[in-house]
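Topology and contacts: notes
Chain by chain, the residues run as shown.
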Amino acid sequence: MKTYAGIPEENASLENSKVMLVTVPYDGTSTWGKGADKGPELFLDASENMELYDIETQTEPYLEGVYLAGEVSENSSPEAMTEAVYQKTKELLNHDGKLFTLFGGEHSVSIGSIRAVGEKFENLTVLQLDAHTDLRPEFHGSTSNHACAVFEANQKHNLVQVGIRSMDIEEAEYLPEGRVFFAHEIANNENWVNDVLEKVSGNVYITIDLDAFDPAIAPSTGTPEPGGLQWYPTLELLRKVFEKCNVVAFDIVELMDSAYAKPSAFLAAKLYYKMLAYYHINQD
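In this report, we go over the structure that sits alongside the text. Please read all numbers here as calculations on a predicted model, not as lab measurements.

**Regarding the environment of Ala 80**
Position of Ala 80 among the secondary structure elements: in helix α2 (residues 78-92). Taking C-alpha positions, Ala 80 is 26 Å from Glu 122, a pair spaced 42 residues apart along the chain.

**Structural notes on empty space enclosed by the protein**
Once rolled over the atoms, a probe with the size of a water molecule shows which space is left empty. For the structure shown, the criterion picks out one cavity of 30 Å³ or more. Estimates place the volume of the largest cavity at around 40 Å³. Taken together, Ile 111, Ile 114, Arg 115, Ala 149, Glu 152, Ala 153, Lys 156 and His 157 form the lining of the largest cavity. Elements that contribute at least two residues to the lining of the largest cavity include exactly α3 (110-120) and α4 (151-156). For the lining of the largest cavity, the class distribution of residues is four nonpolar, one polar and three charged.

**Examining the pairing of strand β1 (residues 19-24)**
In terms of burial, β1 is largely enclosed, as six of its six residues are buried. Of the two faces of β1, the one lined by Val 19, Leu 21 and Thr 23 and the one lined by Met 20, Val 22 and Val 24 are each fully buried. In the sheet, β1 pairs with strand β2 (residues 66-71) via four bridges, with the strands oriented parallel. Bridge pairing in β2 links Met 20 to Tyr 67. Note: β1 against strand β3 (residues 99-104), six bridges, orientation parallel.

**Topic: the sheet that holds strand β7 (residues 203-209)**
Pairing is parallel in the open sheet, where eight strands are placed in the order β2-β1-β3-β8-β7-β4-β5-β6. Because the sheet does not close on itself, it has two edges, and the strands there are β2 and β6 (180-182). Looking at each pair of strands side by side, their axes are set apart by 15° on average, direction ignored. Sitting on the sheet, α2 is in contact with β1, β2 and β3, with an inclination near 170° to β1. Packed on one face of the sheet, helix α7 (residues 231-244) meets β4 (124-129), β5 (158-164), β7 and β8 (246-253) and runs near 160° to β7.

**Some words on α3**
Burial of α3 is extensive: eight of the 11 residues sit out of reach of the surface. For α3, every residue scored as buried is listed here: Ser 110, Ile 111, Gly 112, Ser 113, Ile 114, Ala 116, Val 117 and Gly 118. Summarising the contacts, the buried residues of α3 are in contact with α2, β3, β4, α4, β7 and β8.

**Notes on unusual backbone geometry**
Along the chain, Gly 104 connects to Gly 105 via a cis peptide bond; the corresponding omega equals 20°. Mapped onto the elements, Gly 105 comes out in the loop between β3 and α3. Despite not being glycine, Ala 5 has its phi angle at roughly 55°, a positive value. Inspection of the secondary structure puts Ala 5 in the segment before β1. Exposure remark for Ala 5: the relative accessible area of 7% places this residue in the buried category. With phi around 70°, Glu 254 is a residue other than glycine that occupies positive phi space. Following the sequence through the fold, Glu 254 ends up in the loop between β8 and α8 (261-281). By relative accessible area, Glu 254 is classed as buried at 8%.

**As for the packing of aromatic side chains**
All told, the structure shown has nine aromatic pairs when counted by the stated rule. Within the aromatic cluster, the residues linked to one another by ring pairs are Tyr 4, Phe 43, Phe 103, Phe 250 and Tyr 272. Directly above the ring of Phe 121 sits Lys 120, whose terminal nitrogen or CZ lies 5.8 Å from the centroid.

**Considering the pattern of salt bridges**
This model, assessed by the stated rule, comprises 13 salt bridges. With a closest N to O distance of 2.9 Å, Lys 2 and Glu 48 form a salt bridge. Of this pair, Lys 2 sits in the segment before β1 while Glu 48 sits in helix α1 (residues 39-48); the two residues are 46 residues apart in sequence, bridging distant segments of the chain. Several salt bridges converge on common partners, so that one network encompasses Asp 54, Glu 56, Arg 239, Glu 243 and Lys 274.

**Focus: the environment of Ile 208**
Position of Ile 208 among the secondary structure elements: in strand β7. Taking relative accessible area as the criterion, Ile 208 reaches 0% and is therefore assigned buried. Each C-alpha atom, one on Ile 208 and one on Val 162, is 9.6 Å from the other, the two residues being 46 residues apart in sequence. Sequence-distant contacts of Ile 208, defined by excluding residues within four places in its chain, comprise Leu 129, Phe 213, Leu 238, Asp 251, Ile 252, Val 253, Leu 271 and Met 275.

**Quick notes on the layout of surface pockets**
Approximately 220 Å³ is the volume found for the second largest pocket. The wall of the second largest pocket is formed by 14 residues, among which Asp 54, Ile 55, Glu 56, Lys 270 and Lys 274 lie closest to the centre. If you list the elements that add at least two residues to the lining of the second largest pocket, you get α7 and α8. By residue class, the composition of the lining of the second largest pocket is eight nonpolar, no polar and six charged.

Parameters and conventions
Residues numbered from 1 in each chain as written. Predicted model: local features only at pLDDT ≥ 70, side-chain atom pairs only at ≥ 80, totals over all residues. Heavy atoms only, no water. Helix = DSSP H or I, 4+ residues; strand = E, 2+ residues; numbered from the N terminus. 1 Å grid on protein atoms, 1.4 Å probe; cavity = no way out; pocket = protein on both sides within 12 Å on 5 of 7 lines; lining within 4 Å. Points joined across faces, edges and corners; volume = space filled by probe spheres on them. Nonpolar A, V, L, I, M, F, W, Y, C, P; charged D, E, K, R; others polar. Buried < 20%, exposed > 50% of the residue type's maximum accessible area, 1.4 Å probe, protein only. Pairing = 2+ DSSP bridges. Axes fitted to C-alpha atoms, helices over the stretch in contact; angles between N-to-C directions. Contact = heavy atoms within 4.5 Å. Phe/Tyr/Trp six-rings, centres within 6.5 Å; stacked < 30°, edge-to-face > 60°. Lys NZ or Arg CZ within 6 Å of the ring centre and 35° of its normal. Salt bridge = Lys/Arg side-chain N within 4 Å of Asp/Glu carboxyl O.

Keep in mind these numbers describe shape, not what the thing actually does.
Right under this line is the structure:
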């Protein structure tokens, strides 16, 4: 039996796990760097080579259990993939008291899971860490394109965007007013973490495109943009979000296969595990 991070089977059953992990190896609409469909495999492999004691929180998050809830492999069309992710998420959300997590795939995989989580939880804030706004109503003939990843979330929920440094002019009209934290502004604002926290409340879905990070520390993404977020300030933000709010789900996307994939895969593995640590210490 394959388990997350190679943890013991008793920590990997649905019954014994407080966390559910779905993988979506989809890369159907990316337009430049291809290979995000290999992201989940790279992430799981890196996770198996990671120490399972978190120094910062002095915890071993895996002891709370992580259940590998399967793979959504539908790839006949972007819309079919979105619907399959939606149905899978909806099914798993029936297990109350467990945290839903997803690893992509390109960012379009988040559309279906945010839709399902938004139906279950009222007053939802979607916290997006990303280099790109992803606010196009449709792109290349599809509303389920990666460039549309949070358009629907912005229409329905409280969207907060962090790390943005690339967008098309047509997206400007859809920007959530007062809730966009551009990377160039973050770079000159020592108080940016607290400014973000003021906009995030209640039930929270966190969606992290790995290109939110600076390519110096996460180069293997589809569109690595210069001037991105750094590791420790980002962890500070995430830790404080878990402390302040009720994080009900999160995803990590856009890990791409390449000759330089390992550092990015390991960052993704550590990031996921850190978020589990922050989740568990705030559940007690």
